[in-house]
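Geometric and topological summary
Listed below, chain by chain, are the residues.
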Amino acid sequence: MIAIPSVAATAASFEQHYGYPPHGVWSAPGRVNLIGEHTDYNQGLVFPFAIERRTWCAVGHREDRILRAASGAMPDAAEVSLDELGPEQLQGWSAYVFGVVWALGQHGVDLSGRPGVDLELASDVPLGAGLSSSAAIECAVALALNDEWELGLTREQLVSVCQLAENKAVGAPTGNMDQSASLLGQADHGVLLDVRAGSSELVPLHFADEDLALLVMDTRVSHAHADGGYGARRASCERGAAQMGVTSLRELGPDDLPRIAATLDEETFRRVRHIVTENQRVADTVATLRASGPRAIGDLLAASHASMRDDFEISVPELDLAVATAVANGAIGARMTGGGFGGAAIALVPHNLVDAIGDAVHEAFADRHFTQPNIFTVVPSQGARRDA
Ligand code: ADP
Ligand code: MG
């Protein structure tokens, strides 16, 4: 029998592995991006929230300089010495864990005289499904060590540490959206990130107050062109910015679109138009939430999806079908989420329609002979915390 991860189960696994009880247990959540796609590397606005699915990290003290890590999700445990903590030495899943320790050192934490730790990880964030299990594991480890080692780093500093670990120890060239959501999120709130300003702001979502649920529809289409497509979109954005004479696309707004159209080739113009309008949609979503509540943001979600489908061209037929079917069956709004070329779509739906919309999407996929999607709800939840 597989134990369902929890604080108690993680502590029990720790004791089973290491033969003594942990000193404490911390956890950090995965995330969903409500709106603001491909805007992060253009110095723009993103608006994710932390979800209830979490990764737990139990910690125990050692006398020597060894770091050990085990995970319920992985067959093999890992160990490394604090004296051999270079990114080139870190491989496989434990790079997400030990990479955080390395990144703490890069951030200025003195690791030289410090004893090692034993770590036990457990998670109910699905790995590689676009809910950012990677940020969940990094942020759980970072908060745990910040507390255990009494480092006194702020959560914003821990965001940078975890991003550095993911960029340099793991080698994934991502922005800081995932780590910000995981460390800064609060129950029933979205985290509005302004990448250019380096600032974040919590915005109430009121989904539950309005009897709304957030449905994730994982198409299970793997991101076959994700790496190449992501790189190509980044290159288009950089080219567009250079040709417009700005340091980033954030410097351009909707009023500039006629001038942009007159300057750029047709395809680059559409790529740039997605970024420019998506930034505006993030700002409009936050303003609309504040003024009128979540039932009023449906059109913005729809416009975001259309922009990714037609201008940025990162959708796939399965994502388009999930979005169209959800909306046709009563969703307030829906859009693909994440980098594109596969992955998941989200739909904001009245509570009483959750099952009907899920059934309709399953049926529509069966009709088209698509692989059955994995459909579940997520709840905007508290960010990283100490649990025990
Ligand atoms: P995502 O962040 O969308 O889930 P990534 O590819 O960025 O996908 O990160 C998934 C990887 O992170 C896994 O393949 C594994 O190496 C590592 N990982 C995440 N969670 C855990 C965990 N609980 N235990 C061990 N490794 C994990
Ligand atoms: Mg990830």
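Scroll up a little and you will see the structure.
The following refers to the structure shown. Keep in mind that what you see is a predicted model, and the values were worked out from it rather than measured.

Conventions adopted
- Residues numbered from 1 in each chain as written.
- Chains lettered and ligands numbered in written order.
- Predicted model: local features only at pLDDT ≥ 70, side-chain atom pairs only at ≥ 80, totals over all residues.
- Heavy atoms only, no water.
- Helix = DSSP H or I, 4+ residues; strand = E, 2+ residues; numbered from the N terminus.
- Rg over C-alpha atoms; globule rule 2.2 N^0.38 Å.
- Buried < 20%, exposed > 50% of the residue type's maximum accessible area, 1.4 Å probe, protein only.
- Areas by Shrake-Rupley, 256 points an atom, 1.4 Å probe, with all protein chains shown as cover.
- Lys, Arg positive; Asp, Glu negative; His and termini not counted.
- Charge placed at Lys NZ, Arg CZ, Asp CG, Glu CD.
- Near = heavy atom within 4 Å.
- Polar contact = N/O pair within 3.5 Å; in protein donor to acceptor, adjacent residues only side chain to side chain.
- 1 Å grid on protein atoms, 1.4 Å probe; cavity = no way out; pocket = protein on both sides within 12 Å on 5 of 7 lines; lining within 4 Å.
- Sits in = over half its atoms within 2 Å of the grid points.
- Nonpolar A, V, L, I, M, F, W, Y, C, P; charged D, E, K, R; others polar.
- Pairing = 2+ DSSP bridges.
- Salt bridge = Lys/Arg side-chain N within 4 Å of Asp/Glu carboxyl O.
- Points joined across faces, edges and corners; volume = space filled by probe spheres on them.
- Domains from an automatic or database assignment.

Some points on the overall build of the protein chain
Along the protein chain, the regular secondary structure elements total eleven helices and twelve strands. A compact globule built from 388 residues should have a C-alpha radius of gyration of about 21 Å, and the protein chain, at 21 Å, falls within 12% of that. Oriented by its inertia axes, the alpha-carbon framework of the protein chain measures out at about 65 × 50 × 40 Å. Within the span of the protein chain, comprising 388 residues, buried residues form 56% of the whole. Carbon and sulfur atoms form 50% of the exposed surface of the protein chain, whose accessible area is close to 15700 Å². For the protein chain, the distance from the average position of its 27 positive side-chain charges to the average position of its 50 negative side-chain charges is 4 Å.

What about the site of ligand 1?
Around ligand 1 sit 16 residues in total, of which Ser71, Gly128, Ser132, Ser133 and Ser134 are the nearest. Take Gly128: an N or O atom from its main chain is 2.8 Å from an oxygen atom of ligand 1. Here Ser134 contributes a side-chain N or O atom positioned 2.9 Å from an oxygen atom of ligand 1. Protein contacts shield 79% of the accessible area of ligand 1, which totals 570 Å² for the unbound molecule. Mapping ligand 1 onto the cavity grids shows that it belongs to the largest pocket. Among the elements that make up the shell around ligand 1, the one with the highest residue count is helix α3 (residues 133–148) (three residues). Considering only residue class, the shell around ligand 1 consists of nine nonpolar, seven polar and no charged.

Details of the pairing of strand β6 (residues 189–194)
Here β6 lies mainly inside the structure; five of its six residues are buried. Note: strand β2 (residues 45–61) against β6, two bridges, orientation antiparallel. The partner of Leu45 across the bridge, within β6, is Asp194. In terms of strand pairing, β6 meets strand β7 (residues 199–204) through six bridges, oriented antiparallel. Within the sheet, the bridge partner assigned to Leu192 lies in β7 and is Glu201. Between the antiparallel neighbours β6 and β7 lie four residues, among them Gly198 with a positive phi of about 65°.

Some remarks on the pattern of salt bridges
Within the structure shown, the criterion is met by 20 salt bridges. Here Asp64 makes a salt bridge to Arg62, at a shortest N to O gap of 2.9 Å. Asp64 gets classed as partly exposed once you look at its relative accessible area, which sits at 32%. Relative accessible area serves as the criterion here: at 17%, Arg62 is assigned to the buried category. With its nearest N and O atoms 2.9 Å apart, the salt bridge here joins Arg68 to Asp118. A residue pair is termed long-range when its members are at least 10 positions apart, and Arg68 in strand β3 (residues 66–71) and Asp118 in strand β5 (residues 117–123) qualify at 50 residues. On the accessibility criterion, Arg68 (26% relative accessible area) is partly exposed. Owing to a relative accessible area of 1%, Asp118 belongs among the buried residues under this scheme. Salt bridges linked by common partners bring Glu266, Glu267, Arg270, Arg271 and Glu313 together as one network.

Section: the layout of surface pockets
By volume, the largest pocket amounts to about 1200 Å³. Considering the residues around the largest pocket, the lining is formed by 48 residues, among which Arg31, Ser134, Glu166, Thr174 and Asp178 are closest to the centre. At the level of secondary structure, the elements contributing two or more residues to the lining of the largest pocket comprise β1 (24–35), β2, β5, α3, α4 (155–170), α5 (177–184) and α6 (226–244). Considering only residue class, the lining of the largest pocket consists of 22 nonpolar, 20 polar and six charged. Counting only domains with at least three residues in the lining of the largest pocket, you end up with domain 1 (7–204 + 382–386) and domain 2 (212–378).

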